[in-house]
Structure formats: C-alpha cells, structure tokens
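One-letter residues, chain by chain:
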Amino acid sequence: MKAVAAWACALVVGAAAAAETPRSAAEALVAHVRATQDAGGRPWAVVDKGAAKLSVFDAEGRLVAEAPVLLGLARGDDSAPGVGERAAQLPPGERTTPAGRFEAEPGRNLRGETVVWVDYDTAFAIHRLRPAPAAERRPQRLASPTPADNRISAGCVVVEPGFFEKVVLGQLGRGRSVVYVLPETRDWRTLFADPG
C-alpha cells in the first residue's frame, strides 16, 4: 500500500512539475522575461514566428492580448545588409523578419502612418494590415487558422487594424517598449537567455 501511495504522490508531483514547465519556446521566453524583469518595467511583446502570433504584455508582465500576424516572406533570423535603405525593392530571399531583442518606439513611416518601430535602421516595424495587391491575399492569410500561409510581408509584423489600434498602440504605442522576436533557425536561448 505504501508503494502505491508513494507512486501516486510521485505522479502528482511529476504532473505539477510538468504543468510548471513551459511547453514552447514562446512560453519559455515569456517566463524568462518575467523572471529576469528584462523589459525593465516597460510594456513588451513576443513575436512567435513559428506560430505566426504576437503576444503583447503590459509593463507588469501581464498578457494583454494575442493575435495572428503576417511575417516576412523568407525564413531566416537576420536582416540582409542595407535592407533599411532598399526596403521597397527587396528580393524575396531578403524579406525576413529578424529575430532578437529590440528596443521599440512608436513613430511614423514614410507614408505618415503610425507604426511601432522595432528596428528603425532596418525598416522593421509592427503595423496594421493595409491595402496590398489582391493576389497577396493578406486579409485571408491573416484570418486563416494555420500559420503556414502567414509569410508575405517584406519583414514587418502585420496585424489586424483593430488589434493594432487597441492593443499594439495601447501598450507599445505610448513610449519605449521591448519587442522579442523568436528565432526560427537557432535555439531561442542563444539570443535571450543570460549566459551566466
């Protein structure tokens, strides 16, 4: 009987430990940012490229909301050299959403539209869905239930207009923030975890 009770106790303890263990890189990154207070008391966001999802957090680290996103057409974690100067003329292979930790701030693009600049030098921003050629099917891609077809942008993170206005601007659009973009070609800890 003691063996059964010990086994049941171990099962419960093991289940509780498993419940506390993050199940994905995005969850692990969120736990890391909260534990280290890496955002420094500012609002922050996580872009999970694998799930094509943006998660926005307030300055206290509470999840505000999540939404599907459109991402850069090409897979990869780095911006091509000089991409910021030629953003309108990028070949398909250079249309990546870069990974990393970015100090973001609100601003305006060359058209005067409000954006959140994730990395101004590489023209990398979070912005609302805007008109594009019909063949790109951007609204349909954004609304699809799978992330497999959400790669179409020049590299920016594109969200539904209502989500941009209410959540992105409501949290990241008031001042400086931090945006974490998970890599897809290497382990997330190589970019974000404290090596110590």
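Scroll up to find the structure.
These notes cover the structure that comes with them. No experiment lies behind these values; they were computed from the predicted model shown.

Analysis parameters
Residues numbered from 1 in each chain as written. Predicted model: local features only at pLDDT ≥ 70, side-chain atom pairs only at ≥ 80, totals over all residues. Heavy atoms only, no water. Core = buried A, V, L, I, M, F, W, Y, C linked by side-chain atoms within 4.5 Å. Buried < 20%, exposed > 50% of the residue type's maximum accessible area, 1.4 Å probe, protein only. Helix = DSSP H or I, 4+ residues; strand = E, 2+ residues; numbered from the N terminus. Contact = heavy atoms within 4.5 Å. Expected span 1.5 Å × (residues − 1). Phe/Tyr/Trp six-rings, centres within 6.5 Å; stacked < 30°, edge-to-face > 60°. Pairing = 2+ DSSP bridges.

### Examining the nonpolar core
Leu-54, Ile-126, Phe-163, Val-168, Leu-172 and Val-179 are the most contacted members of the largest nonpolar core, which totals 24 residues. At the level of secondary structure, the elements contributing two or more residues to this core comprise β1 (44-48), β2 (53-57), β5 (100-108), β6 (114-119), β7 (124-128), β9 (157-159), α4 (161-171) and β10 (177-181). Per-element accounting of this core gives the leading share, five residues, to α4. The contact partners of Phe-163, leaving out residues within four places of it in the chain, are Leu-54, Val-56, Ala-65, Glu-66, Ala-67 and Val-168. In terms of nonpolar packing, the next biggest core, distinct from the first, is built from 14 residues, Leu-29, Val-33, Ala-39 and Val-46 among them.

### Brief notes about the environment of Val-181
When you line up the elements, Val-181 lands in strand β10. For Val-181 and Leu-191, which are 10 residues apart along the polypeptide, the C-alpha to C-alpha distance reads 9.5 Å.

### Quick notes on helix α2 (residues 25-36)
With 12 residues, α2 should cover 16 Å at 1.5 Å per step; its first-to-last C-alpha distance of 16 Å lies within 8% of that length. Within α2, burial applies to Ala-26, Ala-28, Leu-29, Val-30, His-32 and Val-33. Against the buried residues of α2 lie β1, β2, β10 and α5 (189-192). At the exit of α2 stands Gln-37, carrying a positive phi of roughly 55°.

### Regarding the packing of aromatic side chains
Evaluation of the coordinates by the stated rule reveals five aromatic pairs. Judged by centre distance (6.0 Å) and plane angle (90°), the ring pair of Trp-44 and Tyr-180 falls under edge-to-face. Of the two residues, Trp-44 sits in strand β1 while Tyr-180 sits in strand β10, which places them 136 residues apart along the sequence. An identical accessibility class is assigned to Trp-44 and Tyr-180; each is buried. Seen in terms of ring centroids, Tyr-180 and Phe-192 are 5.8 Å apart; in terms of plane orientation they differ by 70°. Their pairing is edge-to-face. Here Tyr-180 is found in strand β10, whereas its partner Phe-192 is found in helix α5, with 12 residues between them in sequence. A relative accessible area of 10% places Phe-192 in the buried class. Members of the aromatic cluster, each reached through a chain of ring pairs, are Trp-44, Phe-57, Tyr-180 and Phe-192.

### Considerations on the pairing of β2
Within β2, four of the five residues are buried, which leaves the element mostly enclosed by the surrounding structure. By the bridge criterion, five bridges tie β1 to β2 in an arrangement that is antiparallel. Residue pairing for β2: Val-46 is matched across the bridge by Ser-55. Alignment of β2 against strand β3 (residues 63-68), held across five bridges, turns out to be antiparallel. The partner of Phe-57 across the bridge, within β3, is Leu-63. With antiparallel pairing between neighbouring strands as the criterion, β2 and β3 make up a hairpin whose turn holds five residues, including Gly-61 at a positive phi of roughly 90°.

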